[in-house]
Amino acid sequence: MSTETVFVPSILRTPGIIPLLALLTLVMTGTGMVSPVLSLYARAFGVSGALVGMMITLYGVGRLLANLPAGVLSERYGRKMFLCLGPAIIGVGAIGAALTTDFSAVLFWRFVQGVGSGIYMTVSATVLVQLASAAERGRALAFYQGALLLGTGIGPAIGGFLANHWGLAAPFWAFGIVGFAGTLFALFGFSEPPPDPESSASDTAGAAPKPSARQLLLQLPFLSLCIITFGTFFTRTGSQWIVIPLIGKDSLGLSVDAIGVALSVIAVANFAMLAVVGPAIDRFGARQILVHSTVLTGIALVLIAFSQTQLMFWFAIALLGVAAGFSGPSVSAAVATLVPRSMYGPAIGMQRAVGDVGYVIAPILVGFMYDLPGFGSVGALIFNAVVMVAASILFRVATSGAPKN
């Protein structure tokens with residue numbers, strides 16, 4: 001097998017894939033641009049810390065409410081319309097946040113941005129899974145993850161530069177421009193994916209009717225996959241953003257700079273895995289990779305919770321980044337093995353909706369657990385680890401008879 005076959009799958013030569021990945025990088029760069037200034041922008045309005053956190057929470061709520069409708073409606077009316085609509089809504093929300101002088105309006109516009117993000121992320125992931133063959137799905141999703149990480153990686157630096165030279169509202173203006181540019185890019189640079197021949201053949205052959213979104217969620221294999229997604233999002237906003245910095249500061253005496261480096265190590269390790277995760281999924285199957293990476297996430301969280309030395313802490317941090325690097329692409333690839341191709345949109349929409357429940361409630365639940373006597377940061381991480389391992393076991397049992405890919 002040639003190096004080109006392994007690392008440059010033919011999916012990249014499929015019409016629409018390169019524009020899709022470019023658009024994802026563009027949109028995620030815009031998302032990253034506002035991340036360094038969210039709390040500072042909120043504080044400029046003189047609001048409490050709780051309201052500062054609402055800027056993140058309402059963004060997640062917007063995504064949560066948009067995910068499933070975007071998946072269902074894009075299945076019915078086509079993908080291109082929603083690939084254009086998502087960035088447009090993001091652009092409107094960003095410009096609204098830049099223009100307003102009232103913090104309640106800022107919260108509303110952050111919610112609008114979340115709606116746009118939910119639409120775009122659900123539909124773009126659906127398109128990639130739809131166009132990728134089973135033999136190349138893992139590598140295609142690794143490219144998707146790479147485009148996402150590239151955008152979120154370069155965005156904060158651009159946003160910080162803009163804010164430093166033109167004020168805290170400047171990244172929101174730039175985000176708005178990026179959103180509208182993304183709309184034009186999707187409109188003129190992306191073609192509607194062709195009808196899926198497998199779905200058409202099953203329809204004409206009188207196959208069993210497609211399950212509804214509710215029926216899909218009641219199927220144990222898909223439900224367990226959604227629980228893993230919930231745990232993954234919970235880990236990001238609860239453990240990574242809140243608990244791990246507290247552990248580093250309180251237990252190991254790390255400086256704020258060192259804690260920032262720790263979070264960067266997670267992202268770097270995540271990115272470093274992209275070269276191997278795609279071929280691994282295609283060779284061993286998404287189910288196997290997802291089970292092991294989810295368990296590995298739980299192990300890393302436990303090691304962080306009980307770290308007594310900085311060496312153990314940094315090792316566990318890197319391990320968490322490696323596990324996350326394998327988990328991201330394998331989740332989307334696993335969806336394709338569990339549902340009919342004609343249900344990709346609703347399935348990915350529902351899976352992301354359940355994940356965004358974890359995104360939204362994690363900061364609140366982790367804060368509650370942190371305040372419980374005898375629980376604290378360690379207890380919060382252990383809870384997160386138990387959720388991940390239990391979800392992995394459930395998924396393994398529920399999919400024990402499923403094919404590898």
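Preceding this section is the structure that the text describes.
The text that follows walks through the structure, step by step, so that each part is easy to find. (Residues numbered from 1 in each chain as written. Predicted model: local features only at pLDDT ≥ 70, side-chain atom pairs only at ≥ 80, totals over all residues. Heavy atoms only, no water.)

**Points about the overall build of the chain**
Just so we agree on the cut-off: Per the convention used, a helix needs a DSSP run of H or I reaching at least four residues, while a strand needs a run of E reaching at least two, with both numbered from the N terminus. By definition in these notes, contact holds between two residues if any of their heavy atoms fall within 4.5 Å. Surface accessibility follows the Shrake-Rupley procedure with a 1.4 Å probe radius. Residue values consider only the protein chains on display as shielding.
Helix and strand counts for the chain stand at 17 helices and zero strands. A separation of at least 24 residues holds for 86% of the contacts in the chain among residues at least 6 apart in sequence. Accessible area of the chain: about 16800 Å², with a carbon and sulfur share of 71%.

**Observations regarding the packing of aromatic side chains**
To be explicit about the condition: Aromatic pairs are defined between Phe, Tyr and Trp rings, using the six-membered ring for Trp, whenever the two ring centres lie within 6.5 Å; interplanar angles under 30 degrees are classed as stacked, those over 60 as edge-to-face, and all others as tilted. For a ring to carry a charge above it, either NZ of a lysine or CZ of an arginine must fall within 6 Å of the ring centroid while also lying within 35 degrees of the normal to the ring plane.
In the structure shown here, the tally under the stated rule is eight aromatic pairs. Here the aromatic rings of Tyr41 and Phe45 are separated by 5.4 Å at their centres, their planes lie at 80°, and the arrangement is edge-to-face. It is Arg236 that lies over the ring of Phe233; its NZ or CZ is 4.9 Å from the centre.

**A look at helix 2 (residues 17-34)**
The criterion, for reference: Given the number of residues in a helix, its expected span is that number minus one, multiplied by 1.5 Å. Burial status follows relative accessibility: with a 1.4 Å probe on protein chains alone, a residue under 20% of its type maximum counts as buried, one over 50% as exposed, and anything between as partly exposed.
An ideal rise of 1.5 Å per residue puts 26 Å on 18 residues; helix 2 measures up with 27 Å between its terminal C-alpha atoms. In terms of burial, helix 2 is largely enclosed, as 14 of its 18 residues are buried.

**Overview of the environment of Ser293**
By the secondary structure assignment, Ser293 is in helix 14 (residues 286-305). In this structure, the C-alpha to C-alpha distance between Ser293 and Ser392, residues 99 residues apart in sequence, is 8.8 Å. Setting aside chain neighbours within four positions, we find Ser293 in contact with Ala323, Phe326, Ser327 and Ser330.

**Focus on the pattern of salt bridges**
Definition in use: A carboxyl oxygen of Asp or Glu within 4 Å of a side-chain nitrogen of Lys or Arg is what we treat as a salt bridge.
The full count for this structure, using the stated rule, is three salt bridges. In this structure, Asp356 and Arg63 form a salt bridge, with 2.5 Å as the shortest nitrogen-oxygen distance. One end of the pair, Asp356, is in helix 16 (residues 344-371); the other, Arg63, is in helix 4 (residues 49-77), and 293 residues separate them in sequence. Summarising the burial analysis for this pair, Asp356 and Arg63 share the class buried.

**Overview of the side chain of Asn67**
In this structure, Asn67 sits in helix 4. Judged by relative accessible area, Asn67 falls into the buried class, the value being 0%.

**Focus: the environment of Ala157**
Within the fold, Ala157 resides in helix 7 (residues 137-166). On the basis of relative accessibility, which here comes to 56%, the residue Ala157 falls in the exposed class. Expressed as a C-alpha distance, the spacing of Ala157 and Pro36, which sit 121 residues apart in the sequence, is 8.4 Å.

**Quick look at the nonpolar core**
Generally speaking, soluble globular proteins have nonpolar side chains that are buried together. Applicable threshold: Side-chain atoms within 4.5 Å are what join buried Ala, Val, Leu, Ile, Met, Phe, Trp, Tyr and Cys residues into a set we call a nonpolar core.
Core analysis: the largest hydrophobic core is formed by 78 residues, its most contacted members being Phe172, Leu225 and Val339. Counting residues per element, this core draws most heavily on helix 6 (residues 103-131), which supplies 12 residues. Discounting residues that sit within four places of it in the chain, Phe172 has contacts with Val34, Val37, Leu38, Tyr41, Met55, Ala94, Ile95, Ala97, Ala98, Arg110 and Gln113. Counting 26 residues, the second largest nonpolar core, distinct from the first, contains Ile247, Ala262, Met369 and Ala385.

**Quick look at a nonpolar patch on the surface**
To keep it simple, the criterion reads: Residues with no salt bridge and a relative accessible area higher than 30% make up the patches, which join like charges within 9 Å and nonpolar side chains (Val, Leu, Ile, Met, Phe, Trp, Tyr) within 5 Å.
A cluster of nonpolar side chains, Phe368, Leu372, Phe375 and Phe383, forms an exposed patch at the surface whose accessible area comes to about 350 Å². Its location among the elements puts Phe375 in the loop between helix 16 and helix 17 (376-398).

**Let's talk about helix 13 (residues 274-284)**
Within the span of helix 13, buried status applies to Leu274, Val277, Gly278, Ala280, Ile281 and Asp282. Against the buried residues of helix 13 lie helix 7, helix 12 (256-272), helix 14 and helix 15 (310-338). Looking one or two residues beyond helix 13, the residue adopting positive phi is Gly285, at roughly 95°.

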